[in-house]
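So you can see what is in the structure, the chains are spelled out below.
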Amino acid sequence: MSSSNSIKPPSKPGAWKVHSEEIVFETPYIRARQQRCETMRGAIVDPYHVFDLPNWAAMLAITPDHQAVLVRNYRHGSQRVMLELPGGIIDDDDPNTEHAVARELREETGYSAERVFPLPPIHPYPGRFRQMAYPYLGIGAVKAHEQALEDDEDLEVITMPLKEAFRVFADGSTDIAIAHAGIMLSARHKIMTEPALEDFRSAL
């Protein structure tokens, strides 16, 4: 790809200047912003579209016998049934992200985790999407409730050995979003380094 000789590369990346912005589309779940931007190198990018989406939370929940609690979920955008971690949108009335992920785990699977460890938040799609994902690791997950699904949810709850769950998220057996694979990688690191989780290392 050729580049203009009049635009010099920066010494390091930096924020763009936003010269103008308008909202061109908005629903309760997505807001589209059309911007006129100037890069650090002085290039004008017009239009550039940025999308605001709700933040979400997800959990790798592990049972006392080292089984991962997962869901098979139909995703209408891709028209596929996909293997995923339980999780969902953080509601306005959730007091914090840990409450949101515990609620989603209970509603989608009927499980509750005895101990919950936060994992580093991630930007799932940073190029154009303003959205954060808040992942968690749940230990001692047991079935304590019935599912309470939303009208647009049709989930199958499955469990599989923890080692197998790490494999299918890492080797391409499931083509779910890279965010879920990143959560699994972060959870693996947590298990390998957290002294309180030493007993789970043999299951990896």
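Model, not experiment: these values are computed from the prediction.

Quick notes on the layout of surface pockets
At step 1: When its volume is computed, the largest pocket comes out at roughly 1,300 Å³.
At step 2: Mapped onto the lining of the largest pocket, the elements with two or more residues apiece are β4 (56-62), β5 (67-75), β6 (80-84), β7 (87-89) and α1 (97-109).
At step 3: At 4 residues, the largest contribution of residues to the lining of the largest pocket is made by α1.
At step 4: Its residues assigned to classes, the lining of the largest pocket comprises 16 nonpolar, 9 polar and 15 charged.
At step 5: Each pocket or cavity is described by its volume, and for the second largest pocket that value is around 170 Å³.
At step 6: Together, W16, V18, Q35, C37, Y48, V50, P126, G127, R128, F129 and R130 line the second largest pocket.

Quick notes on the pattern of salt bridges
At step 1: Scanning the entire structure with this criterion turns up 15 salt bridges.
At step 2: As a salt-bridge pair, D52 and R33 come within 2.6 Å of each other at their nearest N and O atoms. You can see D52 sitting in strand β3 (residues 44-52) and its partner R33 sitting in strand β2 (residues 31-38), a full 19 residues away along the chain. Accessibility classification places D52 together with R33 in one group, the buried group.
At step 3: One salt bridge connects R75 with E84, and the closest N-O pair in it is separated by 2.7 Å.
At step 4: Of the residues examined, R75 reaches a relative accessible area of 38% and is grouped as partly exposed.
At step 5: Here E84 falls in the buried class, since its relative accessible area comes to 2%.
At step 6: What you see here is one network of salt bridges that share partners, running through E21, E26, R31, R33, D52 and R130.

Let's talk about the confidence of the model for the protein chain
At step 1: Predicted confidence across the protein chain gives a mean pLDDT of 91, with 94% of residues reaching 70 or more.
At step 2: Averaged pLDDT values over the elements of the protein chain bottom out at 89 in β6 and peak at 98 in strand β8 (residues 111-112).

Re helix α3 (residues 178-193)
At step 1: Its 16 residues place the ends of α3 23 Å apart at the C-alpha level, agreeing with the 22 Å of an ideal helix rising 1.5 Å per residue.
At step 2: For α3, the full list of buried residues reads A179, H180, I183, M184, S186, A187 and I191. Viewed along the axis of α3, the buried residues span an arc of 165°, placing them on a single side of the element. Turned more than 90 degrees away from the buried face of α3, the exposed residues are I178, L185 and H189.
At step 3: Buried residues in α3 make contact with β4, β6, β11 (133-139) and α2 (162-170).

Some remarks on the sheet that holds β2
At step 1: Read from one edge of the open sheet, 4 strands run β1-β2-β3-β10, paired in mixed fashion. Among the strands making up the open sheet, the edge pair consists of β1 (17-26) and β10 (129-130).
At step 2: Bridge count for β1 against β2 is 8 bridges, and the pairing is antiparallel. Bridging from a neighbouring strand, V18 pairs with C37 of β2.

Conventions and cut-offs
Residues numbered from 1 in each chain as written. Predicted model: local features only at pLDDT ≥ 70, side-chain atom pairs only at ≥ 80, totals over all residues. Heavy atoms only, no water. 1 Å grid on protein atoms, 1.4 Å probe; cavity = no way out; pocket = protein on both sides within 12 Å on 5 of 7 lines; lining within 4 Å. Points joined across faces, edges and corners; volume = space filled by probe spheres on them. Helix = DSSP H or I, 4+ residues; strand = E, 2+ residues; numbered from the N terminus. Nonpolar A, V, L, I, M, F, W, Y, C, P; charged D, E, K, R; others polar. Salt bridge = Lys/Arg side-chain N within 4 Å of Asp/Glu carboxyl O. Buried < 20%, exposed > 50% of the residue type's maximum accessible area, 1.4 Å probe, protein only. pLDDT = per-residue confidence, 0-100. Expected span 1.5 Å × (residues − 1). Arc of directions from axis to C-beta. Contact = heavy atoms within 4.5 Å. Pairing = 2+ DSSP bridges.

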